[in-house]
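# Observations on the model geometry
Okay, here's what each chain looks like letter by letter:
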Amino acid sequence: MLVEHLDVIVIGAGLSGIGMACHMSQMCPGHSVAILERRQAIGGTWDLFRYPGVRSDSDMFSFGYQFRPWNDLQVLADGESIRRYISDTAAEYKINEKIRFGLDITQANWSSTEKLWTLTATELSSGETLQFTCRFLISCTGYYNYHQGYLPEFPGAERFQGQCIHPQAWPEDLDYRGKKVVIIGSGATAITLVPAMAALAAHVTMVQRSPSYIFSVPSRDAIAGFLKKILPESWVYHFTRQRNIRIQRWMYRAAKRWPNGTRNFLLKQVRKQLNNPDDMRHFTPEYMPWDQRLCAVPDADLFQAINSGKASVETDTIETFTEKGLLLSSGKEIEADIIVTATGLQVQVLGGMQLTLDGKPFAIHEQMTYKAVMMQNLPNMGWILGYTNASWTLKADIAAQYLCRLMKHMDQHHYQVVVPLGGEDSALPSSIMGSLEAGYVQRANAVLPRQGKGLPWRVLNDYLQDSEMLMKESLDDGILTFDPPKHSDRLAPAKKSAAEAA
């Protein structure tokens, strides 16, 4: 079998993977890099999800890459715009030629003797097995299963005579015009689908077990729009991005420090948007803000759909599916032509590939993350995981820069291997996402890495602190352990001498 060797392999051509490769092209241009992608397109999440109304749930000034400004005034961008933004970024930084599409990575093994990662992949078009080796491996696969979403076992589901759809596998040709639609769920996907489908459907009913916190944001940034008329675009972008980062952080800290005050503020905003005060029971969660993610809607579109009568909400549990729809525990029956199960994600780490060290399985869920960028006891591997309490890309950007900084440091000192060691007494029972009480997080506690008691094993979810730690702190901290190589065997190829070049 022909084995292809590269200095660095990035797994995943989504938002994080393209960003990582762009940072590599600027900070480590001498390294050979490839992105291995299972799908046939760039975009990751934003290429996978095609349901009506799919959009970001973070403002685009902070969700866009730090190195390539998002200058549109749209606050919560639609999926098509985000897909185009990622693709245009890849083209601008000449990343397209580095992507190998249609490769399913099944295994990655680190060899301590060869000081190499060996990746085994299946080429989906031919079924052929391929192998790649690299010095440094970087996972940009996100944290959920792309093959299937989470679907609970609903009693009587087989009885339903209409269409039952999960948003992660949305049919391109679905016609819901004039039809009765039921959406099961209360998260970001459900609250996006309701107003998007209500425009054409006969009626849309959102059935939720419990409410979520929902707040409305303007669809366009009016302040940025005004400033663009009098200031250079780059100034406006920098100001708006910094403003939004600080607002996000302030809201999260306020929710943790003054939970009751934050709760009252959020509920007051919802009360202003609803015509019928009785509907407040559908938007009054029992938990405190940021125990689960907050959901944002542009220009109160969800509340407008409810006020218009085109949509409604039922807070109840499902007794059973019926031939014509759902029977709720309260005894109420809801008829449906289409049922959408917006029931969440199936969490998966490293895209589902098997990870081994010298042929022995490596148990990720027993390890902690180092600065939330590398894995305890795992050599030469980066892990890009964005924020869950702010824009994903904020963390992805600084994590990528940190890994580039680390690889440059290894080049300069002729180090071949780096591994975070120690911290055996620091692990906590909760996972790195344990601060959230969302169902998908709780279900994933057994597969995600552990949270640590203190730095560098503790996940901060704080952009300002993380920026300081990743971009300014010394790499030689006594926890990162470097292995000097033979002079002829380096992470990056040595430059040719003047004589050799001649």
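Everything below is about the structure shown above.
All of these numbers come straight from a predicted model, not from anything done at the bench.

Rules used in this analysis
Residues numbered from 1 in each chain as written. Predicted model: local features only at pLDDT ≥ 70, side-chain atom pairs only at ≥ 80, totals over all residues. Heavy atoms only, no water. Helix = DSSP H or I, 4+ residues; strand = E, 2+ residues; numbered from the N terminus. Rg over C-alpha atoms; globule rule 2.2 N^0.38 Å. Contact = heavy atoms within 4.5 Å. Areas by Shrake-Rupley, 256 points an atom, 1.4 Å probe, with all protein chains shown as cover. Expected span 1.5 Å × (residues − 1). Buried < 20%, exposed > 50% of the residue type's maximum accessible area, 1.4 Å probe, protein only. Disulfide = S-S within 2.5 Å. Pairing = 2+ DSSP bridges. Axes fitted to C-alpha atoms, helices over the stretch in contact; angles between N-to-C directions. Salt bridge = Lys/Arg side-chain N within 4 Å of Asp/Glu carboxyl O. Arc of directions from axis to C-beta. Core = buried A, V, L, I, M, F, W, Y, C linked by side-chain atoms within 4.5 Å. Polar contact = N/O pair within 3.5 Å; in protein donor to acceptor, adjacent residues only side chain to side chain. Phe/Tyr/Trp six-rings, centres within 6.5 Å; stacked < 30°, edge-to-face > 60°.

## Some remarks on the overall build of the protein
Along the protein, the regular secondary structure elements total 13 helices and 25 strands. Its C-alpha radius of gyration of 24 Å places the protein within 12% of the 23 Å reference for a compact globule of 502 residues. By principal-axis analysis of the C-alpha atoms, the protein measures approximately 80 × 55 × 45 Å. Sequence-distant contacts in the protein: of pairs separated by 6 or more residues, those separated by 24 or more amount to 72%. As displayed, the protein has an accessible area near 22,300 Å², and 51% of this comes from carbon and sulfur atoms.

## What about helix α7 (residues 233-257)?
Over its 25 residues, α7 extends 36 Å from the first C-alpha to the last, a length consistent with the 36 Å expected when each residue adds 1.5 Å. Along α7, the positions that sit buried rather than exposed are V236, Y237, T240, R241, N244, I245, Q248, R249, Y252, A254 and A255. Looking at the buried positions of α7, the neighbouring elements they touch are α3 (60-63), α6 (222-228), α8 (259-273), α10 (392-413) and α12 (463-471).

## Considering the state of the cysteines
By the definition in use, this model includes zero disulfides. In this structure C22 is not part of a disulfide, and its nearest cysteine sulfur, from C404, lies 10 Å away. A relative accessible area of 1% means that C22 is categorised as buried.

## Focus on the sheet that holds strand β16 (residues 338-341)
The strand order across the open sheet built from five strands is β7-β16-β8-β9-β12, with neighbouring strands paired in parallel fashion. Pairing within the sheet leaves two strands with one partner each, and these edge strands are β7 (163-165) and β12 (311-315). Direction aside, the axes of adjacent strands within the sheet are offset by 20 degrees on average. Both strand β8 (residues 180-184) and strand β9 (residues 203-208) contribute to a ladder of five bridges, which runs parallel. Note on β9: the bridge partner recorded for V181 is V204. Of the strands in this sheet, β8, β9, β12 and β16 are in contact with helix α5 (residues 188-198), which crosses β9 at around 165 degrees.

## What to know about the pattern of salt bridges
Taken as a whole, this structure holds 21 salt bridges when the rule is applied. Between R38 and D104 there is a salt bridge, and its shortest N-O distance comes to 3.9 Å. Note that R38 is positioned in the loop between β2 (33-36) and α2 (45-48) and D104 in strand β4 (residues 103-111), a separation of 66 residues in sequence. Residue classification places R38 among the partly exposed positions, given a relative accessible area of 34%. Each of R39, D47 and R50 takes part in a single network of salt bridges with overlapping partners.

## Topic: α8
What sets the pattern is the α-helix's 3.6 residues per turn: residues three or four places apart point alike. In this model α8 runs 22 Å from its N-terminal to its C-terminal C-alpha over 15 residues, within 8% of the 21 Å that 1.5 Å per residue would give. Residues of α8 that are buried include every one of T262, R263, L266, L267 and V270, and no others. Across the axial projection of α8, the buried residues extend over an arc of 125 degrees, all falling on one side. Those residues of α8 that are exposed and angled more than 90 degrees off the buried face are N264 and K272. On its buried face, α8 sits against β10 (214-217), α7 and α9 (301-308).

## Notes on unusual backbone geometry
Put simply, L455 and P456 share a cis peptide bond, and its omega is 0 degrees. By secondary structure assignment, the location of P456 is in the loop between β24 (450-452) and α12. Of note, L350 is a non-glycine position whose phi angle comes to about 55 degrees, a positive value. Of note, L350 is situated in the loop between β16 and β17 (354-357). Unusually for a residue other than glycine, A372 sits at a positive phi of about 55 degrees. By secondary structure assignment, the location of A372 is in the loop between β19 (369-370) and β20 (374-375). Classification of A372 as buried rests on a relative accessible area of 9%.

## Remarks on the nonpolar core
Ranked by size, the top nonpolar core spans 139 residues in total, and within it I18, M20 and L119 carry the most contacts. With 12 residues, α10 is the single largest residue contributor to this core. Residue contacts for I18: discarding those within four places in its chain leaves A13, I35, I42, Y65, I86, T89, A90, I95 and I99. Within the second largest apolar cluster, 12 residues are counted, among which are F154, I184, F321 and I334.

## Quick notes on the side chain of Q208
Among the secondary structure elements, Q208 is positioned in strand β9. We classify Q208 as buried; its relative accessible area is 3%. A distance of 2.9 Å separates the side chain of Q208 from the side chain of T315, its partner in a polar contact. Apart from the residues within four sequence positions on either side, Q208 is in contact with G185, S186, H282, V313, E314, T315 and D316.

## Structural notes on the packing of aromatic side chains
Scanning the model with the defined rule gives 15 aromatic pairs in all. Here the aromatic rings of F61 and Y237 are separated by 6.4 Å at their centres, their planes lie at 35 degrees, and the arrangement is tilted. With F61 in helix α3 and Y237 in helix α7, this pair connects stretches of sequence that are 176 residues apart. Y237 matches F61 in its accessibility class, with the two residues each being buried. Plain terms: the ring middles of Y213 and Y287 are 5.4 Å apart, the flat faces sit at 85 degrees to each other, and that makes the pair edge-to-face.

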